[in-house]
Structure formats: C-alpha cells, structure tokens
Amino acid sequence: MDQLTSRVGRLLAAASIPSSFLASVRELTAAQLAAVAGVTFLLFLVASRIITAFLDHVLFPAHKILGPTLAESSSGSPRLKHFDASDRVLLVIAHPDDECMFFGPTVVALARGHRALVHVLSLSTGNADGLGAVRVNELVRSCAVLGVPEARVHWVDAPQLQDGMRNAWSAREIRRHVRETVQAHGITQIITFDERGVSGHPNHIAVASALLAWTATPVWQLRSVPLVHKYAGQAVPRRLLRALSATQGPARLAIGDGIGVGQDRWAVVARDAQAHRVQLGMQCHATQLVWFRWLYVRCAYYMWANVLERVPAADEDEEVVEAGEGEEAVMTRARRRVPAAAARRARGSRNE
C-alpha cells in the first residue's frame, strides 16, 4: 500500500510534464493501474455529487427561479396554459431588441406554439445613438423571425419617451399609448417587465411602474432572476425544466409552448429550434450587436427561458388618480391584494 501511495504521489507530481507522467504510468503494474482508476472514478463520483448539490441548492435552487411556493402552488393542480389561440396578447417593451433579449422564448411560444395573436409595442425607437429609424426596421425584421408580422408591430416616438439611461419617462404617456393599442386591437392580455426591469434599465422600470396599477387588462410581468442566474446560459433553464417536470409531469410538457405553474405563474423553456430562432431574431438587431451582446446571446438565461407572473388585481373600491403637471403625471397607486406566495417571496428576498 505504501508503495502504491508513493507511486501515485510521483504520478501526480509528474502530471504537469507529459513525458514524466507517461513514464510514471508505465512503472505501475496492471493491478496498481486498476486501483488508481477505481479510486479516481470514486473521487469523480463524489466530486460530481458535491458540485451538483451546490448547483441545485446554492446557485440554482428551484425556489430562486420559480418562487418559494413552487411545489405547493403546482403539485396536484391541473395543468394550465393561461394563453391560447383566442388571446390577443400585447408585449409592451421599452426599446427595439427587448423583444428578443428578454421575451424571445415567450413570443415564439405564443406566436408559433399557441397561435395567439401577438402584438409588440415598443415605447421608443431606440434613438439614443440617432439610429431610431434603422432600429425600428430591425425590430420589424426581428419580430417576423419570432412569428409576429409587421402589421402587429407598433412603436412610439414621443418626446416624453426617449431612449436613455437618464431620461425620465412619463407614466401617463406610457399608459396613454398602451391604452390606445389595447383598444385598437382588442387586446386581452399584456406582458411587460417586472419592477426590477429585468436588466435594471430605468426605462424598463418606468414601463413596469406605469402598468403596475393597470386594471383594464390582465398584466403579466417577466420575472427577473439574480445576476448569477442571468448569465448561467442553459444551466438555469435545465434546472427550471427539472423543477417543472417534478411537479407537472413529463419534461416534454414544460418545453416549448409554456405551462401554467399554479394560477398566477407561467413558464416556458424553449426547445433547441426555438432558442435558435430567438438567436436569429437577435441577429436582426445589427446596430445593437456589440461584442458583449454576442456573449449575452450565448450565455443569457432569457434566451432560453421565461417565467411570467400575473400582476395582482387592484382593489375594486380604489381608483388610480392622475393629475397632469406639464409632461409629468402624479399617480396614486391602487393598493393590491398580494397573494401569500408573493408576500413570502418578498420577505425571502429581503432576507437574502
């Protein structure tokens, strides 16, 4: 045993030099090689279990992706679609390319899977670099790749809604344009950002804040994930798929077209062909594809998966009051009945 240990030590010491390593291997007998291989394999199994447990329970736990009540909200409940071919869905974004960078799996699932009538409303032309007209054309081409024809792609070029990290957006103006689009096209459901804006962009957050008190149409918000999850590539979608499969049945049910997880949550994990379509859509935004966005296309969670949460309805006995003052508006938000699950998640996030 001491001799084997000594030889294994020499073997490890010579590992950095190929010629010395091979010479050390030749010194081992067949029995010793078998013993080394067996020990190496056992160590590999132990290490892989430790790494998998770390990924599942520390970096990518299911409750971080779907919320702390994943099991109780979905186990034993009927499978819900939440969206179908009768829906007229309006995706409200802040800039051209948001539809791909963040909502791509959702748009492909609804437009090509459920055959829902999907409309896209960009509240700016992305004119921060003076390329607004070009980026509108890129938006139209991108939406066509995702399954949304040009006739259902809408955009706004208003002084109060100009692209820029330092530009404060008017909530009243946002709601005005959304209201006009909803009424013109008979929209039945709205999808937009959540209060963190997915990427933290102030224009995204302004859109979410303006629609938080929307009462005319059901609103779904794309749930933001922690930064380490955002750039984990397919690691999070695969664990999301496993989490969904554990509570919703076979994995195929969670792929591609999206499924309801309880009454107020909807998740989609893109098939390979769908994810490729989202990437092709992103390539239509040539003026936006600086080097780090190419990394985003390959590494970002949102290119493969989305989790939407329904915004709780406002109390019926309260109203949203707006008082115009120049280009801005003061809004009193209606209080909302926050489900217990959402309240627990909020408390959990404050304790992280």
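For the structure itself, consult the block above.
Each residue is numbered by its place in its chain's sequence as written, counting from 1. pLDDT decides what is reported in this predicted model: residues at 70 or higher carry local features, side-chain atom pairs at 80 or more are listed and counted, and totals for whole chains, interfaces and linings draw on all residues regardless. As a rule here, side-chain values cover all heavy atoms of the structure and leave hydrogens and water aside.

(A) Expanded view of the packing of helix α9 (residues 171–185) against helix α11 (residues 202–211). Simply put, an axis is a line fit to the C-alpha atoms, just over the touching stretch for a helix, and the angle between two N-to-C directions goes from 0 to 180 degrees. Secondary structure elements are defined from DSSP: runs of H or I of at least 4 residues count as helices, runs of E of at least 2 residues count as strands, and each element is numbered from the N terminus. Contact geometry of α9 with α11 gives a least axis separation of 9 Å together with a crossing angle of 70°. It follows that α9 is roughly perpendicular to α11 by the angle criterion. Residues Ala171, Ile174, Arg175 and Val178 of α9 form the contact with α11, whose participating residues are Ala206, Val207, Ala210 and Leu211. Residues are grouped as follows: Ala, Val, Leu, Ile, Met, Phe, Trp, Tyr, Cys and Pro are nonpolar; Asp, Glu, Lys and Arg are charged; every other residue, Gly included, is polar. Tallied by class, the residues present in the contact of α9 with α11 amount to seven nonpolar, no polar and one charged. Between 65 and 115 degrees an angle is taken as roughly perpendicular, under 35 as roughly parallel, over 145 as roughly antiparallel, and anywhere else as oblique. Any two residues having at least one pair of non-hydrogen atoms within 4.5 Å are treated as being in contact.

(B) Structural context of the packing of helix α8 (residues 132–146) against helix α14 (residues 272–283). With their axes 8 Å apart at the nearest point, α8 and α14 run at an angle of 170° to one another. Judged by the angle between their axes, α8 and α14 are roughly antiparallel. Viewed along their axes, α8 and α14 form a crossing whose handedness is right-handed. Across from Ser142, Val145 and Leu146 in α8, the residues of α14 making contact are Arg277, Val278, Leu280 and Gly281. Helix crossings are classified by the rotation of the near helix relative to the far one: an anticlockwise turn of less than a right angle makes the crossing left-handed, while a clockwise turn makes it right-handed.

(C) Representation of the packing of aromatic side chains in the model. Stacked, tilted and edge-to-face are the three classes applied to pairs of Phe, Tyr and Trp rings, where Trp contributes its six-membered ring and a pair requires centres within 6.5 Å; stacked means planes under 30 degrees apart, edge-to-face means over 60, and tilted covers the rest. Under the definition given, this model contains nine aromatic pairs. Seen in terms of ring centroids, Tyr301 and Tyr302 are 5.0 Å apart; in terms of plane orientation they differ by 65°. Their pairing is edge-to-face. Both residues of the pair, Tyr301 and Tyr302, belong to the buried class. Members of the aromatic cluster, joined through ring pairs, are Phe102, Phe103, Phe193, Tyr231, Tyr296, Tyr301 and Tyr302. Relative accessibility thresholds used throughout: buried, under 20% of the residue-type maximum; exposed, over 50%; partly exposed, between the two (1.4 Å probe, protein chains only).

(D) Layout of the environment of Ala94. Here Ala94 lies in the loop between β1 (88–93) and α6 (98–101). On a C-alpha basis, the gap between Ala94 and Ala208 in space is 9.8 Å, while along the polypeptide they are 114 residues apart. Apart from the residues lying within four places of it in its own chain, the contact partners of Ala94 are Ser122, Leu123, Ser124, Trp169, Phe193, Asn203, His204 and Val207.

Keep in mind that these numbers describe shape and distance, not what the molecule does.
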